[in-house]
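Report on the structure
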Amino acid sequence: QATIEASGKDPYPDWKAGDPVPYAALCTTFSLIELTTKRLQIIAYCSSFLQQVLRLTPRDLLPTVQLMLNKLAADYAGIELGIGESLIMKAIGESSGRSLSVIKADHHKIGDLGLVAAKSKSKQAQMFKPKPLTVHGVHQGLLEIAKMEGHGSQDQKVRAINRLMASADVSSASKTVDITKDKGGPSEAKFLVRFLEGKLRLGLAEKTVIVALAQAVVTYEAAKKGKIPSTDQLANGEAVLKQVYSELPSYEVIIPAMLEHGVFNLHETCKLQPGVPLKPMLAKPTKSITEVLDRFEGKDFTCEYKYDGERAQIHYVAPDVKSEFPAAENTLAKDPKRFNGLAAIFSRNSEDLSKKYPDILEKLNTWIKPSTKSFVLDCETVAWDPQNKKVLPFQQLMTRKRKDVKTSEVTVKVCVFAFDLLFYNGEPLVKKSFRERRELLHNAFTLAEGEFSFAQYGDTRDVEEIQHLLDESVKASCEGLMVKMLDTEDSGYEPSKRSRNWLKVKKDYLAGVGDSLDLVVLGAYYGKGKRTSWYGAFLLGAYNEDTQTFETVCNIGTGFSEAILEEFYKDLSEIVIDGAKPFYSHSTVKNDQPDVWFEARHVWEVKTAGLTLSPRYRAAIDEMGGKNGISLRFPRFIQKRDDKKPEEATTTKAIAEMYRKQEVVAQETRGKGGVD
Ligand code: ATP
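Small disclaimer: the values here were computed from a predicted structure and weren't measured.

1. Some remarks on the overall build of the chain
Looking only at helices and strands, the chain features 22 helices and 23 strands. Taken over C-alpha atoms, the radius of gyration comes to 26 Å for the chain, in line with the 26 Å a tight globule of 676 residues would show. If one aligns the C-alpha atoms of the chain with their principal axes, the spans along those axes are about 75 × 65 × 55 Å. Across the 676 residues in the chain, those meeting the buried criterion constitute 55%.

2. A look at the pairing of strand 13 (residues 498-506)
Burial of strand 13 is extensive: seven of the nine residues sit out of reach of the surface. Across five bridges, strand 12 (residues 480-485) lies against strand 13 in antiparallel orientation. In the strand pairing of strand 13, Gly480 is matched with Lys506.

3. What about the packing of aromatic side chains?
Taken as a whole and judged by the stated rule, the model has 32 aromatic pairs. Lying over the aromatic face of Tyr457, Arg438 brings its terminal NZ or CZ to 3.7 Å of the ring centre. Taking NZ or CZ as reference, Lys484 lies 4.0 Å from the ring centre of Trp502, over its face.

4. As for the side chain of Arg641
As for its placement among the helices and strands, Arg641 is situated in the loop between strand 23 (636-640) and helix 22 (652-671). For Arg641, the side chain forms a polar contact with the side chain of Asp643, separated by 3.0 Å. Not counting the four nearest positions on each side in its chain, Arg641 is found in contact with Arg348, Phe394, Asp518, Val603, Trp604 and Glu605.

5. Points about the nonpolar core
Within soluble globular proteins, side chains that are nonpolar generally end up buried alongside one another. The biggest cluster of nonpolar side chains holds 161 residues, and the ones touching the most others in it are Tyr23, Leu142, Leu266, Phe375, Leu377 and Phe445. Among all residues touching Tyr23, those that are not within four sequence positions of it are Leu67, Leu133, Thr134, Val135, Val138, Glu188, Phe191 and Leu192. Within the second largest apolar cluster, 31 residues are counted, among which are Tyr535, Ala542, Cys554 and Trp604.

6. What about the side chain of Lys356?
Along the chain, the position of Lys356 falls in the loop between strand 5 (342-346) and helix 17 (358-367). Here Lys356 falls in the buried class, since its relative accessible area comes to 1%. Those residues in contact with Lys356 that sit more than four places away from it in its chain are Glu310, Met398, Arg400, Lys401, Arg402 and Val405.

7. Points about the site of the ligand
In the region of the ligand, 18 residues are neighbours, and Arg311, Arg348, Glu380, Lys504 and Lys644 sit closest. Within the backbone of Tyr307, one N or O atom sits 3.0 Å away from a nitrogen atom of the ligand. In this structure, an oxygen atom belonging to the ligand sits 2.7 Å away from a side-chain N or O atom of Arg311. Relative to its free-state accessible area of 590 Å², the ligand is covered by the protein chains to the extent of 97%. Looking at the shell around the ligand, the elements with two or more residues in it are strand 1 (282-285), strand 2 (301-306), strand 12 and strand 13. Looking at the shell around the ligand residue by residue, the classes come out as seven nonpolar, no polar and 11 charged.

8. Describing the sheet that holds strand 11 (residues 457-458)
Ordered by their spatial adjacency, five strands build an open sheet running 1-13-12-2-11, and the pairing between neighbours is mixed. The open sheet terminates on both sides in strands that have one partner only, identified here as strand 1 and strand 11. With four bridges connecting them, strand 1 and strand 13 associate as parallel partners. Along strand 13, the bridge assignment pairs Ala283 with Ser499. Against the sheet, helix 19 (residues 434-444) makes contact with strand 2, strand 11 and strand 12, and its axis sits at roughly 50° relative to strand 2, the strand it touches most.

9. What to know about the pairing of strand 22 (residues 629-633)
For a regular strand, side chains alternate in direction, first toward one face of the sheet and then toward the other. Among the five residues of strand 22, four are classified as buried, and the element is accordingly described as predominantly covered. One ladder, built from five bridges, connects strand 21 (residues 610-614) with strand 22; its direction is antiparallel. The residue of strand 22 that forms the bridge with Leu611 is Leu632.

10. Some remarks on the pattern of salt bridges
In this structure the tally under the stated criterion is 46 salt bridges. Lys279 serves as the salt-bridge partner of Asp75, at 2.7 Å between the closest nitrogen and oxygen. Of this pair, Asp75 sits in the loop between helix 4 (61-68) and helix 5 (85-96) while Lys279 sits in the loop between helix 14 (266-269) and strand 1, and the two are 204 residues apart along the sequence. Exposure remark for Asp75: the relative accessible area of 26% places this residue in the partly exposed category. Its relative accessible area of 26% is what places Lys279 among the partly exposed residues. The residue Lys475 makes a salt bridge to Glu472 at a minimum N-O spacing of 3.2 Å.

Rules of the game
Residues numbered from 1 in each chain as written. Predicted model: local features only at pLDDT ≥ 70, side-chain atom pairs only at ≥ 80, totals over all residues. Heavy atoms only, no water. Helix = DSSP H or I, 4+ residues; strand = E, 2+ residues; numbered from the N terminus. Rg over C-alpha atoms; globule rule 2.2 N^0.38 Å. Buried < 20%, exposed > 50% of the residue type's maximum accessible area, 1.4 Å probe, protein only. Pairing = 2+ DSSP bridges. Phe/Tyr/Trp six-rings, centres within 6.5 Å; stacked < 30°, edge-to-face > 60°. Lys NZ or Arg CZ within 6 Å of the ring centre and 35° of its normal. Polar contact = N/O pair within 3.5 Å; in protein donor to acceptor, adjacent residues only side chain to side chain. Contact = heavy atoms within 4.5 Å. Core = buried A, V, L, I, M, F, W, Y, C linked by side-chain atoms within 4.5 Å. Near = heavy atom within 4 Å. Areas by Shrake-Rupley, 256 points an atom, 1.4 Å probe, with all protein chains shown as cover. Nonpolar A, V, L, I, M, F, W, Y, C, P; charged D, E, K, R; others polar. Axes fitted to C-alpha atoms, helices over the stretch in contact; angles between N-to-C directions. Salt bridge = Lys/Arg side-chain N within 4 Å of Asp/Glu carboxyl O.

So, in structure tokens, the structure goes:
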């Protein structure tokens, strides 16, 4: 409904059918979105704009959606802009003819590089008027910037940004720049810079864009027939697109299909397939075996060892069925010397890890039964000690180089522990029960000691047997158990979801708050005493998915060895920034500020003795009533999580959930006369 209400007025009347979508039109929509926090209103603005794209320039729908998402391509394409704050400041300075020191001073005062760019642009007198920016042109320009690498690429990037900036804000629609009154208005320079920084700061989460896209296509298709879609049709369209995207997260594949066939039949044309990695299913933490039994009461479940390595998704297509998988031809490596067919290994965030694990790809063919022609395998790569024939801790695996590993130089051997099969011989399996998927998995491969194995498991409901399995898993250097529903319709594979149908029971959190947390390093304090030459404590944040901000959650100074502090000083010094990013939510009290701020890049795993409310931190502050955020009691550093991106850090929602659980348990304990 909201779509229809908002679609009354064209936000950009100069744009005619067949014209490339003006970037200024997209920025006008962004600036409308920026002025509201209401999700329905945001969806309405997006949907209305996408309807206009569909009506006037459907060929630009894909880059429009990508720019809305602050993404240049699907994650597996591995395209990253790689631009730090200093490079952006340099480009703003050069393109507007203002000195770097003036830009820095502005940045210090305004705190948002996007607004600094808008202000610089509005002060600039232009001799001649370049052609206005288009969505397609901006997308291409940014893509080229992302692809620049090697010697001299930094300067090349600055020049390329300058070219885009020179054409920004030349059309009449984007003139309004009053950074004090309207957040900078529809300035193209502002949104270009925010894109380069990686955060548009519009509260435009991917799920919102998906809903808006579905609404736009359904409404547009109905309008072609002179109709208005019903609420049911809109809801149905959203559900279809969400489901299809979760199984095939590629707008490059879905959008052309949608332009051709609409939304409702997408299921048939866009299916999970090798070549397009999907986001893995994740588990919910539990604090006790009895909690597991309560959750799965009356239902069959299995307890698998929880291996402590790196999540991996292996995709494979045999040579004789290649023609059935066009997407695989582009994304899976062909390397006849290494393996027969097309194959690749993707990380939990769809990064291509094939260059990290050439040793796995080389042996892949030896584990595949001849009847297995295509698959998507969910598994864990775990560091392996070949002498003692046992798995090694996660830290060992993290010492492996991430890129261009030569098999002959591999020092840390890995074993693949397979636990799920998502696609097999031409068919997606995600809707099948886990029992069926597991059976197919066990029939599709052959075991190879120290190289390829199935996750160890026991199907039991007996508390003592589960406890025994947990003890055994720990003895086998695993983290604990993954408990999974086996038969019911709930046992399907839920891509990208932290599902209640998978529960994790870790050995060391049975007594704590339920899980360790993965937090983003936002700032640091110089050390005292022995630690003066390094950072001695750090400010950490959790991720708020709704507002796309990092909210501070604790200071941490425990759990670090001197060697690691030295290493962190080296790594973090390279990403020091002038001040907190506008998408960091932190205390403004003077004494609460860290000595330095960092780009949000590193994720650390942290253990805590419990959660507490504190006015100093901001995590989940809105959910907690706006006064206090949630903080950690006695946080202790465990390890780096280089396999996670900052946006994959523990969410503030999850922290709020942990906090509530902790409070319930505390109340129950008090009620039973236990310790407070
Ligand atoms: P954690 O820090 O506990 O690994 P996480 O956020 O990385 O948390 P979770 O959903 O909490 O992910 O835990 C599931 C992870 O455990 C999976 O991502 C996978 O890497 C790993 N894992 C190990 N063994 C299994 C198994 N048998 N089944 C599923 N996942 C497993």
